[in-house]
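Working through the structure, step by step
Below, each chain spelled out in residue letters.
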Amino acid sequence: MQVFDAFGRETSSFSVGDAIEHLLVDEAGHIWVGHFDENPAGIRRWSATVRLIWTSDDAHIPGLFDCYVLNVSGTAAWACPYPDFPLVEIRPDRTDRPVRVWENRVRGATAVAVRGDRVAFYGGYRDEQDRLAHGELTETSVEPTDVGLLTLPDGSVLGRRRVVGRGSRIYVQAEPFTEWGVFDLSS
């Protein structure tokens, strides 16, 4: 990985490992890396000065085998690890409870948006690739509230796409990959 300053000059380079599924930077400049199943590192957070400052190794995240979803908001991260897909909130700076886990019945999502106690999961397996599943957080689980489809403005399905969740938003870039659409949970 290479880090550049505002003028485009490389300030550092280092390895964050292989099998990278997600790589996002939070508001404090920390680098969050979510690995897929070929790398057992799980989820890691690096400082802006390229020091490893948090790992999921001892975080008690159930069944973390593959980081399917990673959303970074503020200085926190949200994830849904395969195979059980719990919703996981990671706040390493919160000393009393740095990791919270909610049971979740939504399987195979490719992005998540979070705002307060509301969540939205985008994607899924097979015929649920365009699914938008809404839920509310209780003390221990995500309770489903609504399910719909995310479509293009003309109502057509998305087809091939790229997606990323950031805070309360899910950004979607459909083929031919020339513009981004935004779903915002706060609106």
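Residues numbered from 1 in each chain as written. Predicted model: local features only at pLDDT ≥ 70, side-chain atom pairs only at ≥ 80, totals over all residues. Heavy atoms only, no water.

Attention shifts here to the overall build of the protein. Of regular secondary structure, the protein possesses zero helices and 17 strands. For 187 residues, the compact-globule formula gives about 16 Å, and the C-alpha radius of gyration of the protein, at 16 Å, lands near that figure. The principal-axis extent of the C-alpha atoms belonging to the protein is close to 45 × 40 × 30 Å. Out of the 187 residues in the protein, the part that is buried amounts to 44%. Counting only contacts in the protein whose residues sit at least 6 apart along the sequence, the fraction spanning at least 24 positions is 36%. (Helix = DSSP H or I, 4+ residues; strand = E, 2+ residues; numbered from the N terminus. Rg over C-alpha atoms; globule rule 2.2 N^0.38 Å. Buried < 20%, exposed > 50% of the residue type's maximum accessible area, 1.4 Å probe, protein only. Contact = heavy atoms within 4.5 Å.)

Side chains of a nonpolar character, in soluble globular proteins, are inclined to be buried together. Residues W78, L87, V112, V119, F121, L137 and V142 are the most contacted members of the largest nonpolar core, which totals 15 residues. Those elements that place two or more of their residues in this core are β8 (76-82), β11 (111-115), β12 (118-122) and β13 (131-137). If sequence neighbours within four positions are ignored, V112 has contacts with V69, N71, W78, L87, A120, F121, G165, G167, R169 and I170. (Core = buried A, V, L, I, M, F, W, Y, C linked by side-chain atoms within 4.5 Å.)

A few words now on the packing of aromatic side chains. A complete count under the given rule lists nine aromatic pairs for this structure. A ring pair is formed by Y68 and Y125, whose centres lie 6.3 Å apart and whose planes are at 70°; its orientation type is edge-to-face. Highlighted residues: Y68 in strand β7 (residues 66-73) and Y125 in the loop between β12 and β13, separated in sequence by 57 residues. Ring geometry for Y82 versus F85: centroids 5.7 Å apart, planes at 75°, classification edge-to-face. Residue F85 is classed as buried on the basis of its relative accessible area of 3%. Of the aromatic side chains, those joined through ring pairs into one cluster are F65, Y68, Y82, F85 and Y125. (Phe/Tyr/Trp six-rings, centres within 6.5 Å; stacked < 30°, edge-to-face > 60°.)

Here we take up a nonpolar patch on the surface. A contiguous nonpolar patch, built from F65, Y82 and Y125 and spanning about 270 Å² of accessible area, is present on the exposed surface. With respect to the helices, strands and loops of the structure, Y82 is situated in strand β8. Among the residues examined, Y82 registers a relative accessible area of 31% and is labelled partly exposed. (Patch = residues over 30% accessible without salt bridge, like charges linked within 9 Å, V, L, I, M, F, W, Y side chains within 5 Å. Areas by Shrake-Rupley, 256 points an atom, 1.4 Å probe, with all protein chains shown as cover. Salt bridge = Lys/Arg side-chain N within 4 Å of Asp/Glu carboxyl O.)

Time to look at the pattern of salt bridges. This model, assessed by the stated rule, comprises 10 salt bridges. Connected through salt bridges with shared partners, the residues E89, R91 and R94 form a single ionic network.

Once that is clear, we can look at the confidence of the model for the protein. On average, residues of the protein score 92 in pLDDT, and 100% of them are at 70 or above. Confidence scores differ between elements of the protein, with strand β1 (residues 2-4) showing the lowest mean pLDDT of 83 and β12 the highest of 98. (pLDDT = per-residue confidence, 0-100.)

Quick look at the pairing of strand β2 (residues 10-13) now. Sheet analysis places β1 next to β2, joined by three bridges and oriented antiparallel. Note on β2: the bridge partner recorded for Q2 is S13. Once β1 ends, the chain turns through five residues before running back antiparallel as β2, passing G8 with a positive phi of about 85°. (Pairing = 2+ DSSP bridges.)

Below, the discussion takes up the layout of surface pockets. In this model, the largest pocket occupies a volume close to 280 Å³. In terms of lining, the largest pocket is formed by 16 residues, of which the most central are L152, P153, L158, V172 and G181. When contributions to the lining of the largest pocket are tallied by element, the ones reaching two or more residues are β16 (169-174) and β17 (181-184). Among the residues forming the lining of the largest pocket, the class breakdown is 10 nonpolar, four polar and two charged. (1 Å grid on protein atoms, 1.4 Å probe; cavity = no way out; pocket = protein on both sides within 12 Å on 5 of 7 lines; lining within 4 Å. Points joined across faces, edges and corners; volume = space filled by probe spheres on them. Nonpolar A, V, L, I, M, F, W, Y, C, P; charged D, E, K, R; others polar.)

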